[in-house]
Amino acid sequence: MAKHKTPLLDQLESGPWPSFVSDIKQECDSRAKNVNGIDYQVAADCPDDLLGVLELSYKDGETHWKHGGIVGVFGYGGGVIGRYCDQPEMFPSVAHFHTVRVNQPSGKYYSTEFLGSLCDLWELRGSGLTNMHGATGDIVFIGTTTPQLEEIFYELTHNLETDLGGSGSNLRTPATCLGMSRCEYACYDTQGLCHDMTNEYQDELHRPAFPYKFKFKFDGCPNGCVASIARSDFSVMGTWRDSLRIDQKAVAAYVAGEIAPNAGAHSGRDWGKFDIQAEVIDLCPSQCLSYEGGKLLIDAKECVRCMHCINTMPQACRIGEDTGAMIFCGAKSPILDGAQMGSLLMPFVVVDEGNEYREIKDVVEGIWDFWMEEGKNRERLGETMKRMGFQAIIKAAGVPFDVRQVQEPRTNPYIFWKAEDVTGGWDNDIADYRKRHKL
Amino acid sequence: MAFISSGYNPAKPMENRITDIGPKHFEQFLPEMCKKNFGKWLYHEILEPGVLMHKAESGDEIYTVRFGGARLMTITHIREICAIADKYCGGKLRFTTRNNIELMVETKDAALKLKAYLNAQKFDGGSQKFPVGGTGAGVTNIVHTQGWVHCHTPATDASGTVKATMDAVFEEFTNMRLPAPVRISMACCLNMCGAVHCSDIAILGIHRKPPMIDHKILDNICEVPLAVAACPTGAIRPTKIEIDGEKYNTVAVKNERCMFCGNCYTMCPAMPLADAQGDGIALMVGGKISNRISHPAFSRVVVPFIPNEPPRWPTMTATVKKILDVYAADAKKYERLGDWACRIGWERFFEKCDLEFTEHLIDDFRDPAYYTWRQTSQFKF
């Protein structure tokens, strides 16, 4: 029998989309029955109380969760978010209900064995409720008590050989697309780079030393499946410098209607016969394509690598062979100074596992040194960039200035010249000036 | 309940302590086919909604079945997914960045059987457990935040608004008949830990009442300078007040400067701003992440406020559905929602979607505002 009546939430059990209410109810049942005789280390009925407090919010139109306190595991300044209910008498089993962030494997692939072990741990020591996954990419365990935190951490590190994710003014848990494991567009090994950078910067991930949060995200191509250009302070996005590759036989097959355009992504509606001129050539943003004499031609030097022709004819067009990555920095959502898109810092960098990605790490470390020196409390990198100028970050990163770093040159002439830019410097003699110009 | 030790010794926290090991290496979790053809993929096809085939240079083919899930998921549900993965695909699976789950098999026949099986599974309450879809030119799963389930700053719920919205647009999840992919995202306050700011359609919780000030406790539970510094518009200043003969160090808020971001509340629990009448939802549209054809773009606010209507938010979901339907009928093939709105003009967008344009939709926040005002004679009547 349900512990709390939830007439409002119950209305979210109908409809086709998977109902989180139905799912939580089955967890309530599972814990009430407890067929495996588990000695639950937090209140067995906490999913019931979670539904209860959520129902109250649906009634009140206001949340019933409070700020987190300082909770965590010894030696780490992140990975656990304290969470307390503001109606602890009504819902005692979720009075203390902390979140634990667990670092997901790159690309979010799992074995059922590993996922099962995570479930076993979370059944014993937590609420059995998770997010798969949190917005930044972590495996999120929702709801446990303070005494369980060290126990969970001990089991994670000793038995599951895995670590906590980031929170607070830390490096946040890096995230990546699935990259080369199952995508023909991957211009570099996103999973390899993500895993390596995550391990290289464990100290930054677990011990807050930054002005504010800092996110790495790794996209394999300009399609941007992990949204790195919009969501990460440091975005690594795959690209290539040579020409994309064209298979003219496959082009002919697309034109003849033998292969569905856009990999079949539009097959639910009759859009008419594939028209290579209208659907590919005319939509190319840099107009570098032409279709002449049954052949698709490209002026590769003019290509801006938007991916449209490749996405539309994946069997005919492939990414180039001289592949690497671009680096964008400073993206963030609106709080506080408005949303920012990542700005292009490096048009191309070779992603070289052989030297342990040293070139990319040097850029990151240069940016961090600058930001930790100059950034204000709770100022994202993008905001520091806005306040101090893009030039400052380009210099700090130790990369050359490049016209590709701007959409257009500045429209005002208010250049902050420095003394060393000007012949003779700034130390002019007014007496000397007055000899030439009487007052 | 008896306390069960993991082996951790609280008297000696450093004893046998393991730290800084990072995540498990991904390679051990890859399906054999992905490991074998790593970096050697040739092309892919979407065979039908929710079913993909990837072809490798070796000639190998891997078939992926994608299905949606609520990201708020119990271990009972995860175990059921694991049991399916054990039965159908050798015990390997993956999650996508948009909270979908993917199972990979080696033949088309196995994929279609798996799809049929997944689509047939239902919760006791009647909803589908594992709806297959979320591919190509359709609506895929909504990325979202915690909302009233587990957060202290939300202006609305996340899981509930997402469930209600996905029910309303479910046909577009299981079909591929839109002009281009439509990414819907949900964030329950302006903090946007869901980073919805570059979505085709963004559902955003907003507050509209300035913070209340709990003067009697503020100085005990907050750092006044941090609360003052937290305000992006400089609306908060330190002050002293007297209540019942007692003097308190506290803050004052210039309400007309408040932009309702809630950053003060994040820094100072004595300044709550959640309020059932004040809180609700804004809708933003026309953002994108991909560099395909056009540049990545921010979403724009097109509906400044819709009241919270739990449990199903009917006005919000009807407005989302209306925008989606008008776009689907009017846009050209490959045209993302924002590209369509920019091509026809935003004046036409409001007309076609039958949305009211109000003063709230004219940007007046700092420098970027100026660049959004019309500075050309080219517009439509």
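In this text the structure is predicted, and so the values were computed from the model without any measurement. (Residues numbered from 1 in each chain as written. Chains lettered and ligands numbered in written order. Predicted model: local features only at pLDDT ≥ 70, side-chain atom pairs only at ≥ 80, totals over all residues. Heavy atoms only, no water.)

Trainee: How should empty space enclosed by the protein be read in this particular structure?
Mentor: If you walk through the whole model with that rule in mind, you get nine cavities of 30 Å³ or more. Looking at the second largest cavity, the residues that line it are Tyr 212, Lys 213, Lys 215, Arg 231, Lys 332, Ser 333, Ile 335 and Arg 380 of chain A together with Asn 191, Met 192, Cys 193 and Ala 195 of chain B. Residues of the lining of the second largest cavity, tallied by class, amount to five nonpolar, two polar and five charged. (1 Å grid on protein atoms, 1.4 Å probe; cavity = no way out; pocket = protein on both sides within 12 Å on 5 of 7 lines; lining within 4 Å. Points joined across faces, edges and corners; volume = space filled by probe spheres on them. Nonpolar A, V, L, I, M, F, W, Y, C, P; charged D, E, K, R; others polar.)

Trainee: Just to check I follow, could you spell out the domain arrangement of chain A for this structure?
Mentor: Where the parts come together, the accessible area they lose is often given as the size of the interface. As far as domains go, chain A holds domain 1 (7-159), domain 2 (175-240 + 323-436) and domain 3 (245-318). Distance between the C-alpha centres of domain 1 of chain A and domain 3 of chain A: 47 Å. (Domains from an automatic or database assignment.)

Trainee: Got a minute to help me understand unusual backbone geometry in this structure?
Mentor: One can expect most non-glycine residues to show negative phi and most peptide bonds to be in trans. With omega at 10°, the peptide bond leading from Met 132 of chain A into His 133 of chain A counts as cis. Turning to its location among the elements, His 133 of chain A is positioned in the loop between β6 (129-132) and β7 (139-142). At the junction of Pro 310 of chain B and Pro 311 of chain B, the peptide bond is cis and its omega measures out at 10° in the coordinates. As for its position among the elements, Pro 311 of chain B is in the loop between β12 (300-307) and α9 (314-330). Even without a glycine there, the phi angle at Glu 356 of chain A is positive, about 55°. Looking at the element boundaries, Glu 356 of chain A is found in the loop between β16 (343-349) and α12 (358-374). A positive phi angle, close to 65°, is found at Phe 260 of chain B, a residue other than glycine. Relative to the elements of secondary structure, Phe 260 of chain B occurs in the loop between β10 (246-253) and α8 (263-267). (Helix = DSSP H or I, 4+ residues; strand = E, 2+ residues; numbered from the N terminus.)

Trainee: Hey, could you run me through the pairing of strand β1 (residues 41-48) of chain B in this one?
Mentor: The side chains of a regular strand alternate, first on one face of the sheet and then on the other. Residues and elements named next belong to chain B. Relative to strand β2 (residues 51-56), β1 runs antiparallel, the two being bridged by six bridges. Within β2, the position partnered with Trp 41 by the bridge is Ala 56. Connecting β1 to the next strand, β2, in antiparallel fashion are two residues, including Gly 50 with a positive phi near 85°. (Pairing = 2+ DSSP bridges.)

Trainee: Would you take a moment to explain the state of the cysteines for this structure?
Mentor: Here is the idea: a disulfide is a covalent bond, and it sits between the sulfur atoms of two cysteines. Summed over all chains, the structure comprises one disulfide over all chains. With its sulfur 2.1 Å from that of its partner, Cys 222 of chain B forms a disulfide with Cys 268 of chain B. Classification of the bridge connecting Cys 222 of chain B and Cys 268 of chain B rests on its S-S torsion, roughly 75°, and on that basis the disulfide is right-handed. Placement of Cys 222 of chain B in the loop between α6 (215-221) and α7 (224-230) and of Cys 268 of chain B in the loop between α8 and β11 (280-285) is noted, with a sequence separation of 46 residues between them. Summarising the burial analysis for this pair, Cys 222 of chain B and Cys 268 of chain B share the class buried. Here Cys 194 of chain A is not disulfide-linked; the sulfur of Cys 177 of chain A is the nearest cysteine sulfur, at 9.4 Å. (Disulfide = S-S within 2.5 Å. Buried < 20%, exposed > 50% of the residue type's maximum accessible area, 1.4 Å probe, protein only.)

Trainee: Would you mind going over the sheet that holds β2 of chain B with me for this structure?
Mentor: To summarise the sheet geometry, strands pair through backbone hydrogen bonds and adopt either a parallel or an antiparallel arrangement. The six strands are arranged β5(A)-β5(B)-β6(B)-β3(B)-β2(B)-β1(B) in an open sheet whose pairing can be described as antiparallel. Two strands in the sheet have a free side with no partner beyond their single neighbour: β5 (109-111) of chain A together with β1 of chain B. Averaged over all adjacent pairs, the angle separating strand axes in this sheet is 30°, with direction ignored. Summarising the sheet, β2 of chain B and strand β3 (residues 61-68) of chain B pair through five bridges and their orientation is antiparallel. Residue pairing across strands places Met 53 of chain B opposite Tyr 63 of chain B, the latter belonging to β3 of chain B. (Axes fitted to C-alpha atoms, helices over the stretch in contact; angles between N-to-C directions.)

Trainee: How should I be thinking about the packing of helix α6 (residues 190-200) of chain A against α12 of chain A in this particular structure?
Mentor: Helix-helix packing: each pair is described by the crossing angle between the helix axes and the interaxial distance. Residue and element names in this part refer to chain A. In contact at an axis separation of 12 Å, α6 and α12 are set at 50° when each is read in the N-to-C sense. Accordingly, the angle class assigned to the pair α6 and α12 is oblique. Note on packing geometry: the crossing formed by α6 with α12 is right-handed. Across the interface between the two elements, Leu 193, Asp 196, Met 197 and Glu 200 from α6 touch Arg 358, Ile 360, Lys 361 and Val 364 from α12. (Parallel < 35°, antiparallel > 145°, perpendicular 65-115°, else oblique. Left-handed = near helix turned anticlockwise from the far one by under 90°. Contact = heavy atoms within 4.5 Å.)

Trainee: How should I be thinking about the interface of chain A and chain B in this particular structure?
Mentor: On the side of chain B, 137 residues touch chain A, which itself brings 142 residues to the contact. Here chain A meets chain B over a buried area of about 12,300 Å², counting both sides, of which 59% is carbon and sulfur. It is Trp 17, His 67 and Arg 182 of chain A that lose the most area in chain A upon contact with chain B, and together they represent 8% of the buried surface on that side. At the boundary of chain A and chain B, one finds nine salt bridges. Between Arg 207 of chain A and Asp 20 of chain B there is a salt bridge, with the nearest N and O atoms lying 2.7 Å from each other. Of the residues in the side of chain A that touches chain B, the class split is 59 nonpolar, 54 polar and 29 charged. In this structure, β6 of chain A lies alongside strand β4 (residues 72-74) of chain B, joined through three bridges in antiparallel fashion. By the bridge assignment, Thr 130 of chain A is partnered in β4 of chain B with Met 73 of chain B. (Buried area = accessible area lost by both parts, 1.4 Å probe. Salt bridge = Lys/Arg side-chain N within 4 Å of Asp/Glu carboxyl O.)

Trainee: Please clarify how helix α13 (residues 381-388) of chain A should be interpreted in this entry.
Mentor: Residues separated by three or four positions in an α-helix point in the same direction, a consequence of the helix having 3.6 residues per turn. Every buried residue of α13 of chain A is accounted for by Leu 381, Gly 382, Glu 383, Thr 384 and Met 385 of chain A. On its buried face, α13 of chain A sits against β15 (323-329), β16, α12 and α14 (390-397) of chain A.

Trainee: I keep staring at the sheet that holds strand β8 (residues 175-176) of chain A and nothing clicks. Help me out?
Mentor: Residues and elements named next belong to chain A. With respect to topology, five strands assemble into an open sheet ordered β8-β9-β10-β15-β16, the strand pairing being mixed. One side of each edge strand has no neighbouring strand; the edge strands of this open sheet are β8 and β16. As paired elements, β8 and strand β9 (residues 216-219) share two bridges and run parallel to each other. Residue Ala 175 lies in a different strand from β9, and its bridge partner there is Lys 217. Where α6 meets the sheet, its contacts fall on β8, β9 and β10 (234-240), and the angle it forms with β9 comes to roughly 165°.

Trainee: I would appreciate a short explanation of the pattern of salt bridges in the present structure.
Mentor: Side chains bearing opposite charge may pair, as long as their charged atoms lie close to each other. Using the criterion set out here, one finds 46 salt bridges over all chains in the structure. Connected through salt bridges with shared partners, the residues Arg 182 of chain A together with Arg 66, Arg 94 and Glu 102 of chain B form a single ionic network.

Trainee: What is the right way to read the nonpolar core from this model?
Mentor: Soluble globular proteins tend to pack their nonpolar side chains together in the buried interior. Residues Phe 20 of chain A together with Ile 184, Trp 340 and Phe 349 of chain B are the most contacted members of the largest nonpolar core, which totals 67 residues. Dropping the residues within four chain positions of it, Phe 20 of chain A is found in contact with Leu 12, Leu 54 and Tyr 58 of chain A together with Ala 70, Leu 72, Asp 157, Ser 159, Gly 160 and Lys 163 of chain B. Val 100 and Leu 164 of chain A together with Tyr 43 and Tyr 63 of chain B belong to the second largest nonpolar core, which has 58 residues in total. (Core = buried A, V, L, I, M, F, W, Y, C linked by side-chain atoms within 4.5 Å.)

Trainee: I keep staring at the packing of aromatic side chains and nothing clicks. Help me out?
Mentor: According to the stated counting rule, one finds 36 aromatic pairs over all chains in the structure shown. Aromatic pair Tyr 110 of chain A and Phe 29 of chain B: ring centres 6.3 Å apart, planes at 35°, arrangement tilted. Note that Tyr 110 of chain A is positioned in strand β5 and Phe 29 of chain B in the segment before α1 (32-36), a pairing that runs across two chains. Assigned by exposure class, Tyr 110 of chain A and Phe 29 of chain B land together as buried. For the pair Phe 349 of chain B and Phe 350 of chain B, a centre-to-centre distance of 5.6 Å together with 85° between the ring planes defines the contact as edge-to-face. On the basis of relative accessible area, Phe 350 of chain B is assigned to the buried category, the value being 10%. Of the aromatic side chains, those joined through ring pairs into one cluster are Tyr 201, Phe 210, Phe 214, Phe 216, Phe 218, Phe 234, Trp 368 and Trp 371 of chain A. The cationic tip of Arg 31 of chain A hangs over the ring face of Tyr 40 of chain A; the distance from NZ or CZ to the ring centre is 4.4 Å. (Phe/Tyr/Trp six-rings, centres within 6.5 Å; stacked < 30°, edge-to-face > 60°. Lys NZ or Arg CZ within 6 Å of the ring centre and 35° of its normal.)

Trainee: How should I be thinking about the pairing of β10 of chain B in this particular structure?
Mentor: As paired elements, strand β9 (residues 236-243) of chain B and β10 of chain B share eight bridges and run antiparallel to each other. Its bridge partner being in β10 of chain B, Thr 239 of chain B is matched across the sheet by Thr 250 of chain B.

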